[in-house]
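Notes for the structure review
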Amino acid sequence: MAHQANQPLPAGFELEGYRILRVLASGGFSFVYLAHDANEAPVAIKEYLPSSMAARAGQSLTVLVKSAEYEETFQIGLRSFVNEAKLLAQFVHSSLVKVYRFWEANGTAYMVMPLYEGPTLKQALAEMNGPHDEAWLMKILGPLSEALDVL
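Residues numbered from 1 in each chain as written. Predicted model: local features only at pLDDT ≥ 70, side-chain atom pairs only at ≥ 80, totals over all residues. Heavy atoms only, no water.

Re the pairing of strand β3 (residues 30–36)
Put simply, the rule reads: The buried label applies to any residue whose accessible area, calculated with a 1.4 Å probe on protein chains only, is under 20% of its type's maximum; exposed applies above 50%, and partly exposed to all values in between. Helix and strand labels come from DSSP, where a helix needs a run of H or I of at least four residues and a strand needs a run of E of at least two; each type is numbered from the N terminus. By this definition, two strands are paired if DSSP reports at least two bridges between them.
Counting buried positions along β3 gives seven out of seven residues, so the element sits mostly inside the fold. Taking every second residue as pointing to the same face, both faces of β3 are buried, with Ser30, Val32, Leu34 and His36 on one and Phe31, Tyr33 and Ala35 on the other. Alignment of strand β2 (residues 18–26) against β3, held across six bridges, turns out to be antiparallel. Paired with alanine 25 across the strands is valine 32, a residue of β3. Hairpin connection from β2 to β3: three residues lie between these consecutive antiparallel strands. In this sheet, strand β4 (residues 42–48) lies alongside β3 in antiparallel orientation, the contact comprising seven bridges. Its bridge partner being in β4, tyrosine 33 is matched across the sheet by isoleucine 45. What sits between β3 and β4 in their antiparallel hairpin is a turn of five residues, with glutamate 40 showing a positive phi close to 70°.

Shown next as structure tokens:
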């Protein structure tokens with residue numbers, strides 16, 4: 001079966017009771033989707049799909065490793081993704097992403113999280129003019145250090 005370029009899950013696709021609406025972000029290792037749960041509440045779903053090592057098989061939703069040489073690395077990444085989800089699902093803190101649910105299917109793994117809206121730290125930094133003052137740093141570092149303490 002031929003591998004195709006990494007295509008996101010299609011809008012309207014039902015995945016374990018969640019309806020995919022659109023892609024929010026994509027990177028070298030994953031897609032993040034905006035989805036609705038059974039109550040129409042918005043959530044974010046992250047799908048493990050490292051574009052350098054794997055792709056969807058033909059027109060199916062199954063993720064396959066592109067070459068046997070990538071199999072071990074793909075599996076290590078998949079285990080890391082699932083372990084991250086397991087870890088985050090255990091904690092409740094406003095500075096940590098909450099994982100509601102995670103599972104493996106279609107040759108890959110998924111995690112469901114709350115939908116957080118607003119600028120990313122990277123975007124906020126890019127929009128700032130001049131150096132960051134101590135008050136700004138404390139606003140960021142305080143919650144970060146509390147989250148690290150929880151972990």
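A look at helix α1 (residues 71–90)
Put simply, the test is: A helix's residues, less one, multiplied by 1.5 Å, set its expected span. Within this analysis, the arc is defined by the directions that extend from the helix axis to the C-beta atoms.
Relative to the 28 Å expected for 20 residues at 1.5 Å per residue, α1 spans 29 Å between its end C-alpha atoms, a close match to the ideal helical length. Every buried residue of α1 is accounted for by Phe74, Gly77, Leu78, Phe81, Val82, Ala85 and Leu88. All buried residues of α1 project into a common sector of 135° when viewed along the axis, lining one side. Opposite the packed face of α1, turned more than 90 degrees from it, sit the exposed residues Glu72, Ile76 and Gln90.

Topic: the sheet that holds strand β7 (residues 101–105)
Definition in use: The contact criterion used throughout is that any non-hydrogen atoms of two residues lie within 4.5 Å. To obtain an axis, a line is fitted to C-alpha atoms, over the contacting stretch when the element is a helix, and the angle between two such axes runs from 0 to 180 degrees between their N-to-C directions.
Taken in spatial order, the six strands of this open sheet run β1-β2-β3-β4-β8-β7, and their pairing is antiparallel. Looking at the sheet topology across the chains shown, the edges are occupied by β1 (14–15) and β7. Here two bridges tie β1 to β2, and the two strands are oriented antiparallel to one another. Bridge pairing links glutamate 14 to arginine 19 in β2. Packed on one face of the sheet, α1 meets β4, β7 and β8 (108–114) and runs near 25° to β8.

Structural notes on the nonpolar core
What counts, and what does not: In plain words, nonpolar cores are sets of buried Ala, Val, Leu, Ile, Met, Phe, Trp, Tyr and Cys residues tied together by side-chain atoms within 4.5 Å.
Counting 30 residues, the largest nonpolar core has Tyr18, Ile45 and Phe74 as its most contacted members. Taken together, the elements giving at least two residues each to this core come down to β2, β3, β4, β6 (63–65), α1 and β8. Ranked by the residues each element gives to this core, the list is headed by α1, at six residues.

Examining the packing of aromatic side chains
Our working definition: To pair, rings of Phe, Tyr and Trp, with the six-membered ring standing in for Trp, must have centres within 6.5 Å; the planes then decide the type, stacked if under 30 degrees apart, edge-to-face if over 60, and tilted in the middle. Note on criteria: charge over ring means Lys NZ or Arg CZ within 6 Å of the ring centre, with the direction from the centre no more than 35 degrees off the ring normal.
Under the counting rule described, the total for this entry stands at five aromatic pairs. Between the aromatic rings of tyrosine 18 and tryptophan 103, the centroid separation amounts to 6.2 Å while the plane-to-plane angle is 10°, which identifies the pairing as stacked. Placement of the pair is tyrosine 18 in strand β2 and tryptophan 103 in strand β7, with a sequence separation of 85 residues. You can call tyrosine 18 buried: its relative accessible area is 11%. Its relative accessible area of 10% is what places tryptophan 103 among the buried residues. Directly above the ring of tryptophan 103 sits arginine 101, whose terminal nitrogen or CZ lies 4.5 Å from the centroid.

Taken by themselves, the reported measurements are silent on function.
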